[in-house]
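Notes for the structure review
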Amino acid sequence: MTTERAAAAVALRGVSKHYGDVIAVDAVDLDIHDGEFFALLGPSGCGKTTTLRMIGGLEIPSSGSLQIFGEEVGPLPPNKRPVNTVFQSYALFPHMSVQDNVGFGLKMSKASKSEIADRVAQAIGLVRMNGMEQRRPAQLSGGQQQRVALARALVNRPKVLLLDEPLAALDLKLRQDMQFELKSLQREVGITFVFVTHDQEEALSMSDRIGVMDQGRLLQIGSPEDIYDRPINRFVADFIGRSNFLEGTLEDITTVCLANGSRIAVPPVPPDVAATGSPVQVSLRPERVMIGGRDEAPESAARIDGVVEATTFLGSSQVYLVRLDWMTLEVRSGNRPGRHRHEVGDEVSLWWAPDAIAVVRP
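Summarised in this report is the structure supplied together with it. Being a predicted model, the structure only gives us computed values, none of them experimental.

1. Focus on the pairing of strand E8 (residues 192-197)
The element E8 is largely enclosed, with a buried count of six among its six residues. Residue alternation in E8 divides its side chains into two sets, Thr192, Val194 and Val196 and Phe193, Phe195 and Thr197, and both sets are buried. Looking at chain direction, strand E3 (residues 37-41) and E8 are connected through five bridges and run parallel. Counterpart to phenylalanine 38 in the pairing with E8 is valine 194. Looking at chain direction, strand E7 (residues 160-164) and E8 are connected through five bridges and run parallel. Bridge pairing links leucine 162 to valine 194 in E8. With helix H5 (residues 172-189) bridging E7 and the parallel E8, this β-α-β connection has right-handed handedness.

2. As for the packing of aromatic side chains
Summed over the entire model, instances satisfying the criterion amount to four aromatic pairs. An angle of 45° between the planes, with centres 5.8 Å apart, marks the rings of phenylalanine 37 and phenylalanine 195 as tilted. Of this pair, phenylalanine 37 sits in strand E3 while phenylalanine 195 sits in strand E8, and the two are 158 residues apart along the sequence. Geometry around phenylalanine 69 places lysine 159 over its ring, the cationic atom sitting 5.4 Å from the centre. Directly above the aromatic system of tyrosine 228 lies the positively charged group of arginine 285, at a separation of 4.0 Å from the ring centroid.

3. Brief notes about the packing of helix H4 (residues 142-154) against H5
Where H4 meets H5, the axes come as close as 11 Å, and the angle between the chain directions of the two elements is 20°. By the angle between their directions, the pair H4 and H5 is classed as roughly parallel. For H4 against H5, the interelement crossing comes out right-handed. Mapping the contact onto sequence places Gly142, Gly143, Gln146, Arg147, Leu150 and Leu154 in H4 and Leu174, Met178, Glu181, Leu182 and Leu185 in H5. Partitioned by chemical class, the residues of the contact of H4 with H5 number six nonpolar, three polar and two charged.

Cut-offs used in this document
- Residues numbered from 1 in each chain as written.
- Predicted model: local features only at pLDDT ≥ 70, side-chain atom pairs only at ≥ 80, totals over all residues.
- Heavy atoms only, no water.
- Buried < 20%, exposed > 50% of the residue type's maximum accessible area, 1.4 Å probe, protein only.
- Helix = DSSP H or I, 4+ residues; strand = E, 2+ residues; numbered from the N terminus.
- Pairing = 2+ DSSP bridges.
- Right-handed = clockwise from strand over helix to strand, strands pointing away.
- Phe/Tyr/Trp six-rings, centres within 6.5 Å; stacked < 30°, edge-to-face > 60°.
- Lys NZ or Arg CZ within 6 Å of the ring centre and 35° of its normal.
- Axes fitted to C-alpha atoms, helices over the stretch in contact; angles between N-to-C directions.
- Parallel < 35°, antiparallel > 145°, perpendicular 65-115°, else oblique.
- Left-handed = near helix turned anticlockwise from the far one by under 90°.
- Contact = heavy atoms within 4.5 Å.
- Nonpolar A, V, L, I, M, F, W, Y, C, P; charged D, E, K, R; others polar.

Written as structure tokens, this is what we have:
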């Protein structure tokens, strides 16, 4: 006996968007699960916001199928879709109180006064704005305004909440605080969040899964750990955090010959990433590289010798630029009491575990 799989919260099949000769989104296939926090991540102009706007009905796809919980919605306007959107600008009515801003949509839909009062109170409680119901937007901080925008979106009880870089206008500390609060809120309400951002930290810290986009194409979908530790190509590896790239040739599925002639062990390389004998690049995260004196590297580890060229103190970590015979590597080492710090000119060895690297397409 087979069990039918529940329809995805959002399903895109071959969805494209053209503006004349410009292809903003190019044949995207994507399933976003019910109750998932999904991030669309990529640089400016990659197509992520256009994709979000098509899900929300603010743009109509040029081609392809777009379904929400199994219903085709591609040609439907925003008010006919079970979605709501939170924008970067918040777009609050300045002359209205928090309470009236949150309840505006319900009032327009002619809900009863008692229903509006109950649902507004619930939404304001969800975003922890109790006691501020009568304040105007000008009396609120940026973080508080963002919470009001969230409450206004949630009060309509959408099946899918779309968020278009809602934290971008906040300062760094508040943005980091709101990342945790937003993820906590999503778990509490249990609905699907689709979050657009160009900030890798936001995507990694909040998402259940991430889709990385570039030039209108969806390059890779996976958990934050998959995307970070097993990027499919150089663009993904370079966009998600920092990475060193070592040029080489794939000798066999577990061995790469580097540009300097040395051989290193690598995790098994799938045939869709690279064929034996083809040029590859090895992505090596700076924080996965160990650094020590020439006599400190364990014999079982891959090892490269070099000289410290520059060093920078970053509080929790120390960054070293280590010059090798054929390139320079960045190394990030945690700062702990009593830990030896290397100086410019020191001869050092670098080593790493085989699972610390990923072979990627150039």
